[in-house]
There are 2 protein chains.
Amino acid sequence: MGGDHGPAETVAGAVTALRAHHVPVILVGDEPQVSGELRRHGATAEIPVVHADDAVPMAERGAAAATRATSSLAIGCRLVSSGEGGAFVSAGSTGAVVACAVRAIGRSGGVLRPALAVALPSLRGGASVLVDAGATADPSPAMMAQFALLGAGYARAVLGRAEPVVGLLSIGSEPGKGNRLSCQAEELLAALPLRFHGNIEGHDVLSGAVDVIVTDGFTGNVVLKNVEGCVQTALAMVAEAGIASPLRLAEVARRYDPQTHGGAALLGLRGTVVVAHGSSPAATIARACEMAYALAGHPATGMAATAATAVTAATAAELVT
Amino acid sequence: MGGDHGPAETVAGAVTALRAHHVPVILVGDEPQVSGELRRHGATAEIPVVHADDAVPMAERGAAAATRATSSLAIGCRLVSSGEGGAFVSAGSTGAVVACAVRAIGRSGGVLRPALAVALPSLRGGASVLVDAGATADPSPAMMAQFALLGAGYARAVLGRAEPVVGLLSIGSEPGKGNRLSCQAEELLAALPLRFHGNIEGHDVLSGAVDVIVTDGFTGNVVLKNVEGCVQTALAMVAEAGIASPLRLAEVARRYDPQTHGGAALLGLRGTVVVAHGSSPAATIARACEMAYALAGHPATGMAATAATAVTAATAAELVT
């Protein structure tokens, strides 16, 4: 039901996930609407629907959203906690997904707050994980230290970096430069058992200077959306100048669009949750389902990324807060 | 003395400002070094030098920098407060420039903290003012409301917007979405006598959606540097794809490089101060000098931008804090 184009695009995305990528899907939402969309794809026999009376509107805040016990978000998350679902994907409001997931699935032992991890493409060809990209707008320094551990766990398990290098986003590369929160987080990060590079700045976000970019959820979300906006604007500038073919520019844009990667993983929970962009078209929803399937560690994918959550949760618990 | 390439690039920039743009300049710094650079340009007779024993290193924090009474920053700022200089330009550390300027020049009546304003190019062809771009890393909500007034004054006086539209940078366009600081600032901004558009998000920074983008100095500085990094990365991606000529891409890059505009204006002081990027080459230093000259309201430029400071300071003082 979530997202700017739900349920039409979300259902179409689920159908693509199943048919093109062999990801088994359960849809959760208003049964008549969802089944109507499934009929348009001739897919009613392939995808089961779990009915939800209620849907959380995009504008609703997290705390209020979490009280709606029969919303599609609440029911979807409960499918994960009961084991009927291996992972949950939503294009709904990030705040609402986080609040419902914490309530229904619960945090991993020792984790103070969940964090959203997004893999950003870097110019060097790899990817850097931005964490937190918007789950926790007002973290404490200790929460940010946990974000570093969760992000490093993700980089190890999903991006295959054996010893990920972690940077803290700030406003000066020198130690001690930043705001109160980042300076306190810097001291904690320096004491953690990980490869801490120190402070990085806004221009380092896409440079691939570090594997994990740690920041608070407010700055992280602003930066994530700023990256999208700036890359689009820069390519539009090139198009406007008439110096490259629009078709080939669109290819470059696709390669570097964070949406290409499907979604953001919510780290620090007892189950797998992927948040897709609210504006996701069907193809992006399908990739978010693929990503969730891989993160949930289905043997067929050759990945056991649930290990990421387990490892980082254990490490996070060790952190003195 | 400031910047990554001072004094070589700063002196070369000052010579260009004088010779190409007819901006009268006084140089402040280590006399032997500065005069040595001037000699390389055959400009010792054209530009006076005021000696400074001391120079603030780039890594030094603001509070410590402000105690150095004989630094080039302190002496340069005192030239403005005494009236010998019409404006002060530095490529030194932003924090140090802000601290020295507040100490030597002073805040305008009622202004709680100064804010750095940077004109960002927008796709629609105009420019938006980002404020605060890094002067005050931990503002209160009331300070942010003043940043809105200072930014609106700048947009009126410098960009010629009669009734500038002001947006607050946050992580959701709906009212009440954000972190604690932005939510409290949002309530204050909504009550101000200006055209408040409400919250904007990271992807709106270059879209031209609003004339003034208000944020705290931490987020603003991260975003400013992120814009630079992302535009550069996007153009590098196009270059790498081999679908446009590097020469013509460089032209596009120049048009949208915030450095092209010379520097950031420090608003809310009793005098004009412009902060240039630490990595500024001579041409950018020259533009920063031109910008400072225009802001200081020299009659020959046809601008009376000191009005901006006066008007906004008066309005800021009216704000109940």
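Residues numbered from 1 in each chain as written. Chains lettered and ligands numbered in written order. Predicted model: local features only at pLDDT ≥ 70, side-chain atom pairs only at ≥ 80, totals over all residues. Heavy atoms only, no water.

Participant: Before we go on, may I ask you to explain the overall build of chain A in this structure?
Facilitator: The helix and strand inventory of chain A stands at 11 helices and 10 strands. With the principal axes as the frame, chain A shows a C-alpha extent of 60 × 55 × 40 Å. Across the 321 residues of chain A, 58% fall into the buried class. Look at the contacts in chain A between residues 6 or more apart in sequence, and 66% of them connect residues 24 or more apart. Total accessible area computed for chain A in this model is approximately 12100 Å², and 53% of it derives from carbon and sulfur atoms. Here chain A holds 21 positive side-chain charges and 26 negative ones, and the gap between their average locations is 2 Å. (Helix = DSSP H or I, 4+ residues; strand = E, 2+ residues; numbered from the N terminus. Buried < 20%, exposed > 50% of the residue type's maximum accessible area, 1.4 Å probe, protein only. Contact = heavy atoms within 4.5 Å. Areas by Shrake-Rupley, 256 points an atom, 1.4 Å probe, with all protein chains shown as cover. Lys, Arg positive; Asp, Glu negative; His and termini not counted. Charge placed at Lys NZ, Arg CZ, Asp CG, Glu CD.)

Participant: Explanation requested: the domain arrangement of chain A in the structure shown.
Facilitator: You'll often see interface size given as the accessible area lost when the parts meet. Residues and elements named next belong to chain A. For chain A, the assigned domains are domain 1 (1-111 + 268-303) and domain 2 (116-257). Computed over C-alpha atoms, the centres of domain 1 and domain 2 are 25 Å apart. At the interface, 10 residues of domain 1 touch nine residues of domain 2. For the pair domain 1 and domain 2, the two sides together bury roughly 680 Å², of which 67% comes from carbon and sulfur. Where domain 1 packs against domain 2, one counts zero salt bridges. On inspection of domain 1 and its partner domain 2, the count reaches two residue pairs in polar contact (both at pLDDT 80 or more). Residue assignment for the side of domain 1 that touches domain 2 shows that the elements contributing at least two residues are α5 (94-104) and α10 (282-295). (Domains from an automatic or database assignment. Buried area = accessible area lost by both parts, 1.4 Å probe. Salt bridge = Lys/Arg side-chain N within 4 Å of Asp/Glu carboxyl O. Polar contact = N/O pair within 3.5 Å; in protein donor to acceptor, adjacent residues only side chain to side chain.)

Participant: Sorry, what's going on with the relation of the copies chain A and chain B here?
Facilitator: Here the second copy of the chain follows from the first by a rotation about an axis and a shift along it. When chain A is fitted onto chain B, the two copies agree to an RMSD of 0.0 Å after a turn of 180° and an axial shift of 0.0 Å. On the angle and the small slide along the axis, the relation comes out as a two-fold axis. The position closest to the rotation axis in chain A is occupied by the C-alpha of Ala244 of chain A, lying 2.5 Å away. With an isologous cut-off of 70% or more, the 98% of interface residues of chain A that recur at the interface of chain B puts this contact in the isologous class. (Least-squares fit on C-alpha atoms with pLDDT ≥ 70 in both.)

Participant: Would you take a moment to explain unusual backbone geometry for this structure?
Facilitator: What you tend to see is this: most non-glycine residues have negative phi, and most peptide bonds are trans. Residues and elements named next belong to chain A. A cis geometry characterises the amide bond from Gly6 onward to Pro7, with omega recorded as 0°. Along the chain, Val131 connects to Asp132 via a cis peptide bond; the corresponding omega equals 10°. Note that Asp132 resides in the loop between β5 (127-131) and α6 (141-157). You will see that His22, though not glycine, has its phi angle at about 60°, which is positive. Tracing the chain through its elements places His22 in the loop between α1 (8-21) and β1 (27-29). Residue class for His22 comes out exposed when judged on its relative accessible area of 59%.

Participant: I would appreciate a short explanation of the interface of chain A and chain B in the present structure.
Facilitator: Across the boundary between the two partners, chain A contributes 51 residues, which contact 50 residues of chain B. Of the roughly 4600 Å² buried between chain A and chain B on both sides combined, carbon and sulfur atoms contribute 67%. The largest per-residue losses of area from chain A upon contact with chain B belong to Phe218, Met237 and Ile243 of chain A, which jointly make up 15% of the total buried on that side. Across the contact surface, chain A and chain B share two salt bridges. Here Glu201 of chain A ties to Lys225 of chain B by a salt bridge, and the two come within 2.4 Å at their closest N and O atoms. Counting the contacts that link chain A with chain B gives 10 residue pairs in polar contact (both at pLDDT 80 or more). Among the elements of the structure, α7 (180-190), α8 (217-241) and α9 (246-256) of chain A are those that each provide at least two residues to the side of chain A that touches chain B. In terms of residue count, the dominant contributor to the side of chain A that touches chain B is α8 of chain A (20 residues). When the residues that make up the side of chain A that touches chain B are grouped by side-chain class, the tally is 25 nonpolar, 14 polar and 12 charged. (Nonpolar A, V, L, I, M, F, W, Y, C, P; charged D, E, K, R; others polar.)

Participant: Just to check I follow, could you spell out helix α4 (residues 72-82) of chain A for this structure?
Facilitator: Helical geometry: 3.6 residues make up each α-helical turn, so side chains three or four residues apart lie on a common side. Residue and element names in this part refer to chain A. Of all 11 residues that make up α4, eight are buried, and the element is covered over most of its length. Restricting attention to buried positions, one finds in α4 the residues Ser72, Leu73, Ala74, Ile75, Gly76, Cys77, Leu79 and Val80. Contact partners of the buried residues in α4: β1, β2 (49-51), β3 (87-90), α5 and β10 (272-275). Just beyond α4, the residue with positive phi is Gly83, at close to 90°.

Participant: What exactly am I supposed to notice about the sheet that holds strand β3 (residues 87-90) of chain B here?
Facilitator: Sheet strands pair via backbone hydrogen bonds, and the direction of the pair is either parallel or antiparallel. Residue and element names in this part refer to chain B. Spatial ordering of the open sheet is given by β3-β10-β9-β4-β5-β8-β6-β7, a layout of eight strands whose pairing is mixed. The open sheet is flanked by β3 and β7 (195-200), the only strands paired with a single partner. Neighbour to neighbour, the strand axes of the sheet diverge by 25° on average, direction disregarded. (Pairing = 2+ DSSP bridges. Axes fitted to C-alpha atoms, helices over the stretch in contact; angles between N-to-C directions.)

Participant: Before we go on, may I ask you to explain the environment of Ile285 of chain A in this structure?
Facilitator: Residues and elements named next belong to chain A. Assignment of secondary structure puts Ile285 in helix α10. Of the residues examined, Ile285 reaches a relative accessible area of 5% and is grouped as buried. On a C-alpha basis, the gap between Ile285 and Gln146 in space is 29 Å, while along the polypeptide they are 139 residues apart. If we skip the residues at most four places from it in the chain, Ile285 touches Glu9, Thr10, Gly13, Ala14, Ala91, Ala276 and Ser280.

Participant: For this particular structure, what's the right way to read the state of the cysteines?
Facilitator: A covalent bond between the sulfur atoms of two cysteines is referred to as a disulfide. Applying the stated rule across the entire model yields zero disulfides over all chains. Here Cys183 of chain A is not cross-linked by a disulfide; its sulfur's nearest cysteine counterpart is in Cys100 of chain B, at 19 Å. We classify Cys183 of chain A as buried; its relative accessible area is 19%. (Disulfide = S-S within 2.5 Å.)

Participant: How should I be thinking about α6 of chain A in this particular structure?
Facilitator: Between its terminal C-alpha atoms α6 of chain A stretches 25 Å, which fits the 24 Å expected from 17 residues at 1.5 Å a residue. Counting buried residues along α6 of chain A, 15 of its 17 residues qualify, which places the element largely inside the surrounding structure. (Expected span 1.5 Å × (residues − 1).)

Participant: Explain the sheet that holds β5 of chain A here, please?
Facilitator: All names here are of chain A. Read from one edge of the open sheet, eight strands run β3-β10-β9-β4-β5-β8-β6-β7, paired in mixed fashion. In this open sheet, the two edge strands, each paired with only one partner strand, are β3 and β7 (195-200). Adjacent strand axes in the sheet meet at a mean angle of 25°, parallel and antiparallel pairs treated alike.

Participant: Help me out: how do you make sense of the pattern of salt bridges in this one?
Facilitator: Pairing between side chains becomes possible if they bear opposite charge and their charged atoms approach one another. All names here are of chain A. One pass over the structure, following the stated rule, counts 14 salt bridges over all chains. Of the charged contacts, one joins Glu174 and Lys177 as a salt bridge, the two residues approaching to 3.8 Å between their closest N and O atoms. Judged by its relative accessible area of 22%, Glu174 falls in the partly exposed class. Sharing partners across several salt bridges, the network here consists of Asp54, Glu60 and Arg68.

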